[in-house]
Each structure stands twice: as structure tokens, then as C-alpha cells.
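# Residue-level structural notes
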Amino acid sequence: MVYVLPAFPPEVPLKSYIQAIPELINCCNYVNDVLSFYKEEIVGEQANFVTNMANCHRISKIDALRRLAEDTAADALRAMKIVSGHPGAYKAAQAFVQGYIVFHLASPRYKLTELFKYQIE
Ligand SMILES: [Mg+2]
């Protein structure tokens, strides 16, 4: 919630994006759960959403990660569909989601360059 609301500039009417807020909050939380999983897994951390999801559904961690990634993408697509009637809201939501993902890919904290041998520029 803290990150999502400031994504929309004041000139974008609240009514154009308020219904997308729950999807964007889910997206925000779960993007972090998906993209922080690698750094947690390599140090054996068990207290994370993917491990809990795997244990609750009695599936492997990689299947839980895949399912969470798919659900997160679906949340993002639903949010974009909801705001599609207002160009300003659409542009702000798109920039937010893309920027949030790029932040995780570019941050050394998540060690994702160990998985993806490319440079974020
Ligand atoms: Mg995490």
C-alpha cells in the first residue's frame, strides 16, 4: 500500500485506479516474494512465502515459485485492465509495475545477476 498510492500523480483521478489497488498491492508483495526467493534460498532461509506456499500445498518450492509468479502476472494484468479506461492511470500503473520489477533485477541485494548474465542499464 505504501508503495502503490504514490505511483499515481495527483492529476490522475482516484476513481480511475482505486479498484486496481488490491491487485497492485498483491503484485507489489508477490513480486518481492518471487524475486527475493533466490537470495533467501541460497542461504537456506525457510521463513518466506514460497516455502510456506510449498508446504501448505505439498508441492515443491520450484512449483510454488512458478505458481506464485503466474498469479503475480495475473494480478498485474488485472490491474492494467482495470485502469485501461484512463490513459494517465494506465501509464502510471505500467510505470510502477515495470519500475518495481527493474528495481529488483538491478539491486545487488537480490543477487539476480547470478541467475541472469546480463547488465541492467
Ligand atoms: Mg522475501
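Residues numbered from 1 in each chain as written. Predicted model: local features only at pLDDT ≥ 70, side-chain atom pairs only at ≥ 80, totals over all residues. Heavy atoms only, no water.

## What about the overall build of the protein?
Cut-off, in case you're wondering: Note on conventions: DSSP H or I runs of at least 4 residues are helices, E runs of at least 2 residues are strands, and numbering of each starts at the N terminus. Accessible area is worked out with a 1.4 Å probe on protein chains only. A residue is then buried under 20% of its type maximum, exposed over 50%, and partly exposed in between. Counted charges follow a simple rule, with Lys and Arg positive, Asp and Glu negative, and His plus the chain ends left uncounted. All charge positions are set by atom: Lys at NZ, Arg at CZ, Asp at CG, Glu at CD.
Counting its regular elements, the protein contains four helices and zero strands. In terms of overall dimensions, the protein has C-alpha extents of about 45 × 35 × 20 Å along its principal axes. Within the span of the protein, comprising 121 residues, buried residues form 36% of the whole. Separation between the mean location of the 12 positive side-chain charges and that of the 12 negative ones in the protein comes to 2 Å.

## Some details on the layout of surface pockets
This is how the line gets drawn: A 1.4 Å probe that fits but cannot get out identifies a cavity on a 1 Å grid over protein atoms alone, an open set with protein on both sides within 12 Å along at least five of seven lines counts as a pocket, and a residue lines either if it has an atom within 4 Å of a point. Grid points are joined across faces, edges and corners, and a volume is the space filled by probe spheres set on the points. Gly counts as polar in this scheme, as do all residues outside two lists: the nonpolar Ala, Val, Leu, Ile, Met, Phe, Trp, Tyr, Cys and Pro, and the charged Asp, Glu, Lys and Arg.
There is about 240 Å³ of room inside the largest pocket. Surrounding the largest pocket, 13 residues form its lining, V31, A73, A76, V97 and I101 being those nearest its centre. Going through the elements one at a time, α1 (21-41), α3 (61-82) and α4 (87-106) are the ones with two or more residues in the lining of the largest pocket. Here the lining of the largest pocket gets six residues from one element, more than from any other, and that element is α3. Along the lines of polarity and charge, the residues of the lining of the largest pocket split into 11 nonpolar, two polar and no charged.

## Considerations on the coordination of the magnesium ion
Defined as follows: Only nitrogen, oxygen and sulfur atoms qualify as donors, and only when within 2.8 Å of the metal (3.2 Å in the case of Na, K and Ca); with water excluded, sites may look incomplete.
At this site the magnesium ion is bound by S36 (OG) and E40 (OE), with donor distances of 2.1 to 2.3 Å. Of this pair, S36 and E40 both sit in helix α1, four residues apart, roughly one helical turn. Since its relative accessible area comes to 3%, S36 is described here as buried.

## Let's talk about the nonpolar core
Formally: Nonpolar cores are built from buried Ala, Val, Leu, Ile, Met, Phe, Trp, Tyr and Cys residues. Side-chain atoms within 4.5 Å join them into one set. The contact rule is simple, with two residues in contact once any of their heavy atoms fall within 4.5 Å.
The biggest cluster of nonpolar side chains holds 32 residues, and the ones touching the most others in it are V4, F8, Y17, L24 and V83. Mapped by element, the contributors of at least two residues to this core are α1, α2 (49-57), α3 and α4. Here the element with the most residues in this core is α1; it accounts for eight residues. Apart from residues no more than four positions distant in its own chain, Y17 is found in contact with L5, F8, V12, V83 and A89.

## Considerations on the packing of aromatic side chains
Note the following rule: Centres within 6.5 Å are what make two rings of Phe, Tyr or Trp a pair, Trp counting through its six-membered ring; a difference in plane orientation under 30 degrees is then read as stacked, over 60 as edge-to-face, and the rest as tilted.
All chains considered together, the criterion is met by five aromatic pairs. Aromatic side chains Y3 and Y100 sit 6.2 Å apart centroid to centroid with 45° between the ring planes, which places their arrangement in the tilted category. You can see Y3 sitting in the segment before α1 and its partner Y100 sitting in helix α4, a full 97 residues away along the chain. We classify Y3 as exposed; its relative accessible area is 55%. Cluster of aromatic residues (ring-pair linked, three or more members): Y3, F96 and Y100.

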